[in-house]
Amino acid sequence: MGARGGGAPRPAAEAPGGAPRPVVEVPGGAAPDRCVRVALPVPLGRTFTYRAAASLDVRRGSRVWVELGRRPVLGVVLEVDSGPGDVEPARIKPIRAVVEAEPVVPEELLELLVELARYYLAPLGDVLRLALPAVERARREELRRAGVEGSERIAAVGRVARRVVAVEDPRGLDVVRGQARDLLAWLREAGPREVVAVASRLSNGRRALERLVELGLVRVEHVEALADPFFSEPVERDVPPELTVAQRDAFAAIARAIDAGGPAAFLLQGVTGSGKTEVYVRAAERALAGGRDTLVLVPEIALTPQLVGRFRARLGDGIAVLHSALGEGERHAMWKRIRSGELRVVVGARSALFAPLQRLGLVCVDEEHDASFKQEDGVRYHARDMALLRAHRAGAVAVLGSATPSLGSLALAEQGRLERLVLPSRARSGAALPSVEVVDLRRMGPGPSGERLLTLPLHRALEAVLRDRQQAILFLNRRGFAPGIVCEACGEVVVCPSCDVPLTAHRTPRPEARCHYCDHRAPAPEACPSCGASALTLEGAGTERIQEALERSFPAARIARLDRDVAGGKRSERVLERMRSGEVDLLVGTQMVAKGHDLPNVTLVGVLNADAALALPDFRAAERTFQLLVQVAGRAGRGGVPGRVLVQTRNPEHPAIACAVRHDAASFVAHELADRRELGYPPFGRLAAVRLDAVDAGRAEREAQRLAAIAREHAPVGAVLGPAPAPLARLRGRHRFRFLLRCRDRAAMRPALLAVARAGHDPVVRVAIDVDPASLL
């Protein structure tokens, strides 16, 4: 076995249709073995050469079992008859078995994955895993009988699943280290997950899971696999509504591009409630009528049910919904139905980008500005950007939709690379944009509740909503009871033992201090850990504290909370369904309430602290604050009753707040772009972050300095910024450093990133290259 290349592989030159090139016959009629280039799921920027017997039906895109060292692994064929390259023929190992000769992903998707690996400097094998289904159990048994063993995922057939559940434990994460700690933190955040999904999440996931079971930190339970919740209730077919003039013009432009066969790309900019989803549905109908498939991406699972309902009402149940709650068996069955062409519309979050649609004709990215489209660990890709690339490669039409488009997408529209379509008003008759008022927290004190963020104007507005039997949303992007525990004797802030961040006080389900980064949990402290004084006070307010204050002030009101502590994943839809059915009067929540929910009886939105995100050390802080304010304000007045928004702030003059209050996106964009242009930040330049972390701060810092010096040797003068400690300097017991590369274009940046990627590094230091980072924390 030998390695080929140091970067992403070039696409193979092959016969039409993906068939292998013919082999050369040798005397006697026997065909020689062929050299095949294979990508493996290992963190190496290279592919591997294996020998395929002439009797094996091996094609580009086929999955094969091969040996890596002495370990059997599952790989994907990238090139047939590649030649041995610089590997001695005698050292090339044979392919042990072909899992399925038919390519597992369409050719256009395979090319996208190769390009994604090249652009983001990610190991190709890790990238390919994003799109590959599990191996079916029956096929796995055939391979086992043939002597092929491996540790890849298995798609089980049956209705019983084994799932892993994190156990409530006061020891928190402090009793485990390494991958077991990371796995436990993820389980506590994500909730119960199937065993196969947990074990395959990390390279040594099964051993880490066994360790957690031994320590009693998780348990494995057998449960009946449930039917897909998105199809558990029937949906009545709807009658298409009459389009507004703007909707009609936007749909006409998209339909012309679909009929012409693409590729084309649009930016659908519509105010909240303007009917962007109706445009998506009609575009999907047009694509299907022309024999083309549709892919719809949404930022997260909380947005999916309502949108799926709209598509089912118009297109029926022939829709695939890809989401994290699917088990391996259900996911594999869904994958087969998509691959066969039975399901031609796919809706899902980020990973749905890799659905194996055969004749892709339309790609819609809803809420395209949302940062959750960027994967923050593993393969750090941006689903919106790759959706544009996939649509272009497939000859499809791409539609990016948002009420608050990202500045990057607006810049593409200015350059003519996206055609901008505008929906300037709400689609529902009589539904206007809400009126927005500023409450200056520098001058306005608390109302009757005594809670600082429940001001008198907001209290009176809530009284009016409850009197009129309407609904209100209160937005505060901070969960927990109080974000700080402070000693009044010495001024010390109680911090996480593993992270350089304050512990957050929680009251439910029990009083405790919790870290929102590593999930460390401890009983609520009774004395200061620094001076021993018992004079501890809770500083600030989170969603728990606001809910408690509302329950005291409005005892007859039905109050619910929507944040990750009470409503992660699918549970959020249950809270929203209670809002839609009128079972909740007041909803308190984090940014989960700001997403594209259509709640017609909500007439009041209160933004309790509009300044919270402005202080973050990130050049996108103002942009995200503006987007969040516009999005959450857009939940008000979507029915027949006019909406009202109260924005509480200590910085009413800040452009992000002032422009959001006036519904003036153009002025904010002009101001923000001027600042970005002066500093050379995106969209006027390209950015990459190199992040390093280790238990030993000194080793992490030395490695950061060494790699930054290598980057400077290959980058333009002044392009490398740092290294320096990260804004969050220590997380999960590891010290974090970073340096940035800022260049005018990708071509100037790539040599430096390649040099860093190929330089190697101290084995105790983790290094991650993040191209086009969405967060700089």
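Residues numbered from 1 in each chain as written. Predicted model: local features only at pLDDT ≥ 70, side-chain atom pairs only at ≥ 80, totals over all residues. Heavy atoms only, no water.

1. Examining the overall build of the protein chain
Okay, so step 1: A count of helical and extended segments in the protein chain gives 20 helices and 33 strands.
Okay, so step 2: Within the protein chain, buried positions represent 53% of all 777 residues.
Okay, so step 3: In the protein chain, 75% of the contacts between residues at least 6 apart in sequence involve partners at least 24 apart.
Okay, so step 4: Accessible surface, the protein chain as shown: approximately 32800 Å² in total, 51% of it carbon and sulfur. (Helix = DSSP H or I, 4+ residues; strand = E, 2+ residues; numbered from the N terminus. Buried < 20%, exposed > 50% of the residue type's maximum accessible area, 1.4 Å probe, protein only. Contact = heavy atoms within 4.5 Å. Areas by Shrake-Rupley, 256 points an atom, 1.4 Å probe, with all protein chains shown as cover.)

2. Things to note about the nonpolar core
Okay, so step 1: The biggest cluster of nonpolar side chains holds 83 residues, and the ones touching the most others in it are Leu297, Ile338, Val346 and Phe739.
Okay, so step 2: Considering every element that reaches this core, the biggest residue donor is helix 1 (residues 107-120), with nine residues.
Okay, so step 3: One finds Val584, Leu614, Leu628 and Phe668 within the second-largest nonpolar core, a separate group that totals 35 residues. (Core = buried A, V, L, I, M, F, W, Y, C linked by side-chain atoms within 4.5 Å.)

3. Some details on the pattern of salt bridges
Side-chain pairing between opposite charges can occur once the charged atoms of the two side chains come close.
Okay, so step 1: Per the stated rule, a full pass over the model turns up 52 salt bridges.
Okay, so step 2: Note that arginine 676 and glutamate 623 form a salt bridge whose closest N and O atoms lie 2.7 Å from each other. Of the two residues, arginine 676 is situated in helix 18 (residues 665-679) and glutamate 623 in helix 16 (residues 621-633); the sequence distance between them amounts to 53 residues.
Okay, so step 3: Residue glutamate 623 is classed as buried on the basis of its relative accessible area of 5%. (Salt bridge = Lys/Arg side-chain N within 4 Å of Asp/Glu carboxyl O.)

4. Thoughts on the pairing of strand 21 (residues 484-487)
Okay, so step 1: Of the two faces of strand 21, the one carrying Gly484 and Val486 and the one carrying Ile485 and Cys487 are both buried.
Okay, so step 2: Summarising the sheet, strand 21 and strand 25 (residues 536-539) pair through four bridges and their orientation is antiparallel. Bridge assignment links cysteine 487 to a residue of strand 25, and that residue is leucine 536. (Pairing = 2+ DSSP bridges.)

5. Concerning the sheet that holds strand 14 (residues 319-322)
Okay, so step 1: Pairing is parallel in the open sheet, where seven strands are placed in the order 14-15-13-16-17-12-18. Only two strands of the sheet have a single partner each, and these edge strands are strand 14 and strand 18 (419-423). Here the strands of the sheet are splayed against their neighbours by 15° on average, with no regard to which way each runs.
Okay, so step 2: Bridge count for strand 12 (residues 264-270) against strand 18 is five bridges, and the pairing is parallel. (Axes fitted to C-alpha atoms, helices over the stretch in contact; angles between N-to-C directions.)

6. Comments concerning the sheet that holds strand 33 (residues 766-771)
Strand pairing in a sheet is mediated by backbone hydrogen bonds. Such pairs are either parallel or antiparallel.
Okay, so step 1: Here we have four strands laid out as an open sheet, ordered 31-32-30-33, and antiparallel in their pairing. Of all strands in the sheet, those with a lone pairing partner are strand 31 (720-731) and strand 33, marking the two edges. Averaged over all pairs of adjacent strands, the angle between strand axes in this sheet comes to 20°, irrespective of strand direction.
Okay, so step 2: When strand 30 (residues 686-694) meets strand 32 (residues 734-743), the two strands line up antiparallel, connected through nine bridges. The residue bridging valine 690 from the neighbouring strand is phenylalanine 739, located in strand 32.

7. A look at the environment of arginine 96
Okay, so step 1: Topologically, arginine 96 is positioned in the loop between strand 5 (71-80) and strand 6 (97-100).
Okay, so step 2: Separated by 30 residues in sequence, arginine 96 and valine 66 place their C-alpha atoms 5.4 Å apart.

8. Topic: the packing of aromatic side chains
Okay, so step 1: As enumerated under the stated definition, the model contains four aromatic pairs in all.
Okay, so step 2: With 4.8 Å between their ring centres and 90° between their planes, tyrosine 119 and tyrosine 120 make a pair best called edge-to-face. The same class applies to tyrosine 119 and to tyrosine 120, which are both buried.
Okay, so step 3: Taking the centre distance of 4.4 Å and the plane angle of 10° together, the rings of phenylalanine 626 and phenylalanine 668 count as stacked. Remark: phenylalanine 668 occurs in helix 18 and phenylalanine 626 occurs in helix 16; sequence separation between them is 42 residues.
Okay, so step 4: What makes phenylalanine 668 buried here is its relative accessible area of 2%.
Okay, so step 5: Between the NZ or CZ atom of arginine 507 and the centre of the ring of phenylalanine 481, over which it lies, the distance is 4.0 Å.
Okay, so step 6: Stacked on the ring of tyrosine 681, the Lys or Arg arginine 742 has its end atom at 5.0 Å from the ring centre. (Phe/Tyr/Trp six-rings, centres within 6.5 Å; stacked < 30°, edge-to-face > 60°. Lys NZ or Arg CZ within 6 Å of the ring centre and 35° of its normal.)

9. Here's the deal with the packing of helix 1 against helix 11 (residues 383-394)
The geometry of a pair of packed helices is captured by two quantities: the angle between their axes and the separation between those axes.
Okay, so step 1: Taken N-terminus to C-terminus, the directions of helix 1 and helix 11 make an angle of 140°; their axes are 10 Å apart at the nearest point. Classified by the interaxial angle, the pair formed by helix 1 and helix 11 is oblique. For the element pair helix 1 and helix 11, the recorded crossing hand is right-handed. Contact with helix 1, carried on its side by Glu108, Leu109, Glu111, Leu112, Glu115, Leu116 and Tyr120, involves Asp385, Met386, Leu389, Arg390, Arg393 and Ala394 of helix 11 and no other residues of that element.
Okay, so step 2: Class assignment for the residues of the contact of helix 1 with helix 11 results in seven nonpolar, no polar and six charged. (Parallel < 35°, antiparallel > 145°, perpendicular 65-115°, else oblique. Left-handed = near helix turned anticlockwise from the far one by under 90°. Nonpolar A, V, L, I, M, F, W, Y, C, P; charged D, E, K, R; others polar.)

10. Focus: the pairing of strand 12
Okay, so step 1: The element strand 12 is extensively covered by neighbouring structure, given that six of its seven residues are classed as buried.
Okay, so step 2: Pairing analysis gives six bridges linking strand 12 to strand 17 (residues 397-402), with the strands arranged parallel. Looking across to strand 17, one finds that alanine 265 is bridged to alanine 398.

11. Quick notes on unusual backbone geometry
Okay, so step 1: The omega angle of the peptide bond from threonine 508 to proline 509 is 0°, so this bond is cis rather than trans.
Okay, so step 2: Turning to its location among the elements, proline 509 is positioned in the loop between strand 22 (504-506) and strand 23 (512-514).
Okay, so step 3: Residue proline 723 follows glycine 722 across a cis peptide bond; omega there is 15°.
Okay, so step 4: By the secondary structure assignment, proline 723 is in strand 31.
Okay, so step 5: The backbone of glutamate 367 sits at a positive phi, close to 55°, despite the residue not being glycine.
Okay, so step 6: A relative accessible area of 8% places glutamate 367 in the buried class.
Okay, so step 7: Even without being glycine, arginine 732 reaches a positive phi, approximately 55°.
Okay, so step 8: Among the structural elements, arginine 732 can be located in the loop between strand 31 and strand 32.

12. Description of the layout of surface pockets
Okay, so step 1: By volume, the second largest pocket amounts to about 1100 Å³.
Okay, so step 2: Lining of the second largest pocket is provided by 45 residues; of these, Arg384, Asp385, Leu412, Arg686 and Arg746 occupy positions nearest its centre.
Okay, so step 3: At the level of secondary structure, the elements contributing two or more residues to the lining of the second largest pocket comprise helix 1, strand 12, helix 11, helix 12 (407-414), helix 16 and strand 30.
Okay, so step 4: With seven residues, the single largest contributor to the lining of the second largest pocket is helix 11.
Okay, so step 5: Within the lining of the second largest pocket, the residues separate by chemical class into 22 nonpolar, nine polar and 14 charged. (1 Å grid on protein atoms, 1.4 Å probe; cavity = no way out; pocket = protein on both sides within 12 Å on 5 of 7 lines; lining within 4 Å. Points joined across faces, edges and corners; volume = space filled by probe spheres on them.)

13. A closer look at helix 18
Okay, so step 1: Along its 15 residues, helix 18 runs 21 Å from first to last C-alpha, staying within 8% of the 21 Å computed at 1.5 Å per residue.
Okay, so step 2: For helix 18, the full list of buried residues reads Phe668, Val669, Glu672, Leu673 and Arg676. Looking straight down helix 18, one finds its buried side chains confined to an arc of 125°; they lie on one side. The exposed set on the far side of helix 18, more than 90 degrees from its buried face, consists of Ala666, Arg677 and Glu678.
Okay, so step 3: Packed against the buried residues of helix 18 are helix 12, helix 16 and helix 17 (655-661). (Expected span 1.5 Å × (residues − 1). Arc of directions from axis to C-beta.)

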